Amino acid sequence: MAPGPAGRTPVFERRTTGGGAGGGPAEKVVALTFDADMTADQGPRAASGERFDNPELVTLLRRLKVPSTVFMTGRWAEEYPAQAKAIGADPLFEVANHSYSHHAFSSPCYGLPVVGKNAMTRDVERAFTAFRKAGVRNVVPYFRFPGGCYDDTALRALAPANVTAAVQWDVVSGDAFATDADAVAEQVLDGVRPGSLVVMHCTRSAAPATEAAVRRIVPELRERGYRFVKVSQLMQDGV
């Protein structure tokens, strides 16, 4: 994707397509994305036993053969380096940047602490550094803002960190802090359209129903004729 005006990194929310080749129906592709969230100050909670990972979900995605994009915080990669490395080494997945700290890049943003204007680029670069230290491969130059909150200043801070796209979404799964997997599944299934990009989470403590929801979402979307792709594939024309 080309840089936007004034050095702002472009924002990608879904593939907009009015139809397939020859005027046929739009291709039924959808990207499931999973945020591996961990805030910079949550180390003590992890040390006391709170789980910010979800290996069962990753195992399920592998078993169902679902290509996915994982938006990972640098702090998550530090806490779970073996898992981060395994996800990044699996060609089924690609890893994108979700900041180091999971602090907000604009305010207000769901009560998140805020990254200072002069620290934004450094926070993004610190996450990429954490990925390298953990041995994460298959890293793509995309970024997802914590909470999805951004402004022009935040978009301009991404380019110096070599980020080519700020990835948002058009389908909110509602899995954050949800306990009803069927409700999460229904929200996704009701919202998906050809070219959709779904936001979900890969953290057991904050999204305990995600795995069960995915067990229903994947087969039902496949029955409808959808094919799962990574974000990098969704961006491409003629996938």
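Rules used throughout
- Residues numbered from 1 in each chain as written.
- Predicted model: local features only at pLDDT ≥ 70, side-chain atom pairs only at ≥ 80, totals over all residues.
- Heavy atoms only, no water.
- Helix = DSSP H or I, 4+ residues; strand = E, 2+ residues; numbered from the N terminus.
- Rg over C-alpha atoms; globule rule 2.2 N^0.38 Å.
- Buried < 20%, exposed > 50% of the residue type's maximum accessible area, 1.4 Å probe, protein only.
- Contact = heavy atoms within 4.5 Å.
- Axes fitted to C-alpha atoms, helices over the stretch in contact; angles between N-to-C directions.
- Left-handed = near helix turned anticlockwise from the far one by under 90°.
- Nonpolar A, V, L, I, M, F, W, Y, C, P; charged D, E, K, R; others polar.
- Phe/Tyr/Trp six-rings, centres within 6.5 Å; stacked < 30°, edge-to-face > 60°.
- Polar contact = N/O pair within 3.5 Å; in protein donor to acceptor, adjacent residues only side chain to side chain.
- Core = buried A, V, L, I, M, F, W, Y, C linked by side-chain atoms within 4.5 Å.
- Salt bridge = Lys/Arg side-chain N within 4 Å of Asp/Glu carboxyl O.
- Parallel < 35°, antiparallel > 145°, perpendicular 65-115°, else oblique.

1. Focus: the overall build of the chain
Part 1 of the reasoning: Within the chain one finds nine helices and nine strands.
Part 2 of the reasoning: Scaling as 2.2 N^0.38, a compact globule of 239 residues should have a C-alpha radius of gyration of about 18 Å, and the chain matches this with 17 Å.
Part 3 of the reasoning: Burial statistics for the chain: of 239 residues in total, 52% are counted as buried.
Part 4 of the reasoning: Within the chain, contacts between residues separated by at least 24 positions form 79% of all contacts whose residues are at least 6 apart in sequence.

2. Examining the packing of helix 7 (residues 181-191) against helix 8 (residues 210-223)
Part 1 of the reasoning: For the pair helix 7 and helix 8, the least separation of the axes is 8 Å and the interaxial angle reads 35°. At the point where helix 7 passes helix 8, the crossing takes the right-handed sense. Residues Ala-181, Asp-182, Val-184, Ala-185, Glu-186, Val-188 and Leu-189 of helix 7 pack against Ala-212, Ala-213, Arg-216, Ile-217, Glu-220 and Leu-221 of helix 8.
Part 2 of the reasoning: When the residues that make up the contact of helix 7 with helix 8 are grouped by side-chain class, the tally is nine nonpolar, no polar and four charged.

3. Comments concerning the packing of aromatic side chains
Part 1 of the reasoning: Under the definition given, this model contains six aromatic pairs.
Part 2 of the reasoning: The interplanar angle of 20° and the centroid separation of 5.3 Å between the aromatic rings of Phe-145 and Tyr-150 together place this pair among those described as stacked.
Part 3 of the reasoning: Owing to a relative accessible area of 31%, Tyr-150 belongs among the partly exposed residues under this scheme.
Part 4 of the reasoning: An aromatic cluster of three or more residues is present, and its members are Phe-105, Phe-143, Phe-145 and Tyr-150.

4. Describing the environment of Gln-233
Part 1 of the reasoning: You can see Gln-233 is positioned in helix 9 (residues 231-235).
Part 2 of the reasoning: Accessibility expressed as a relative area gives 27% for Gln-233, which makes it partly exposed.
Part 3 of the reasoning: For Gln-233, the side chain forms a polar contact with the main-chain nitrogen of Lys-230, separated by 2.8 Å.

5. Some thoughts on the nonpolar core
Part 1 of the reasoning: Met-72 and Trp-76 are the most contacted members of the largest nonpolar core, which has 62 residues in total.
Part 2 of the reasoning: Ranked by residue count, the leading element in this core is helix 5 (residues 120-134), at seven residues.
Part 3 of the reasoning: When sequence neighbours within four positions are dropped, the list of residues in contact with Trp-76 reads Ala-36, Asp-37, Met-38, Phe-52, Asp-53, Gln-83, Ala-84, Ile-87, Cys-202 and Thr-203.
Part 4 of the reasoning: Counting residues in each nonpolar core, the second largest holds 14 residues, with Phe-71, Val-140, Leu-197 and Met-235 among its members.

6. Comments concerning unusual backbone geometry
Leaving glycine aside, a negative phi is the common case for residues, and trans is the common case for peptide bonds.
Part 1 of the reasoning: Cis geometry is found at the peptide bond from Ser-107 to Pro-108, where omega equals 5°.
Part 2 of the reasoning: Here Pro-108 shows up in the loop between strand 4 (93-97) and helix 5.
Part 3 of the reasoning: The residue Asn-138 is not glycine, and still its phi comes out positive at about 50°.
Part 4 of the reasoning: Inspection of the secondary structure assignment puts Asn-138 in the loop between helix 5 and strand 5 (139-143).

7. Considering the pattern of salt bridges
Part 1 of the reasoning: Evaluation of the coordinates by the stated rule reveals 15 salt bridges.
Part 2 of the reasoning: The closest approach of N and O atoms between Glu-27 and Arg-15, which form a salt bridge, is 3.7 Å. Here Arg-15 lies in the loop between strand 1 (11-12) and strand 2 (29-36) and Glu-27 lies in the loop between strand 1 and strand 2, a separation of twelve residues in the sequence.
Part 3 of the reasoning: For Glu-27, a relative accessible area of 28% corresponds to the partly exposed category.
Part 4 of the reasoning: Here Arg-15 falls in the buried class, since its relative accessible area comes to 10%.
Part 5 of the reasoning: Among the salt bridges present, the one from Arg-51 reaches Asp-53, with a minimum N-O distance of 2.6 Å.
Part 6 of the reasoning: Each of Arg-51, Asp-53, Glu-56 and Arg-204 takes part in salt bridges that share partners, so that together they form one network.

8. Here we look at the environment of Phe-34
Part 1 of the reasoning: Secondary-structure assignment places Phe-34 in strand 2.
Part 2 of the reasoning: Phe-34 sits in the buried class, given a relative accessible area of 1%.
Part 3 of the reasoning: Those residues within four positions of Phe-34 in sequence are excluded, and the remaining contacts are Leu-57, Leu-61, Ser-68, Thr-69, Val-70, Phe-71, Met-200, His-201, Cys-202, Thr-210 and Val-214.

9. Section: the packing of helix 2 (residues 55-64) against helix 8
How two helices sit against one another is set out by the angle between their axes and by the gap between those axes.
Part 1 of the reasoning: Closest axis-to-axis distance for the helix 2/helix 8 pair is 9 Å, and the angle between their directions is 15°. Taken together, helix 2 and helix 8 sit at an angle that is classed as roughly parallel. Crossing geometry of helix 2 relative to helix 8 is assigned as right-handed. Where helix 2 abuts helix 8, its residues Glu-56, Leu-57, Leu-60, Leu-61, Arg-63 and Leu-64 lie against Thr-210, Glu-211, Val-214, Arg-215, Val-218 and Arg-222.
Part 2 of the reasoning: In the contact of helix 2 with helix 8, the residues fall into six nonpolar, one polar and five charged.

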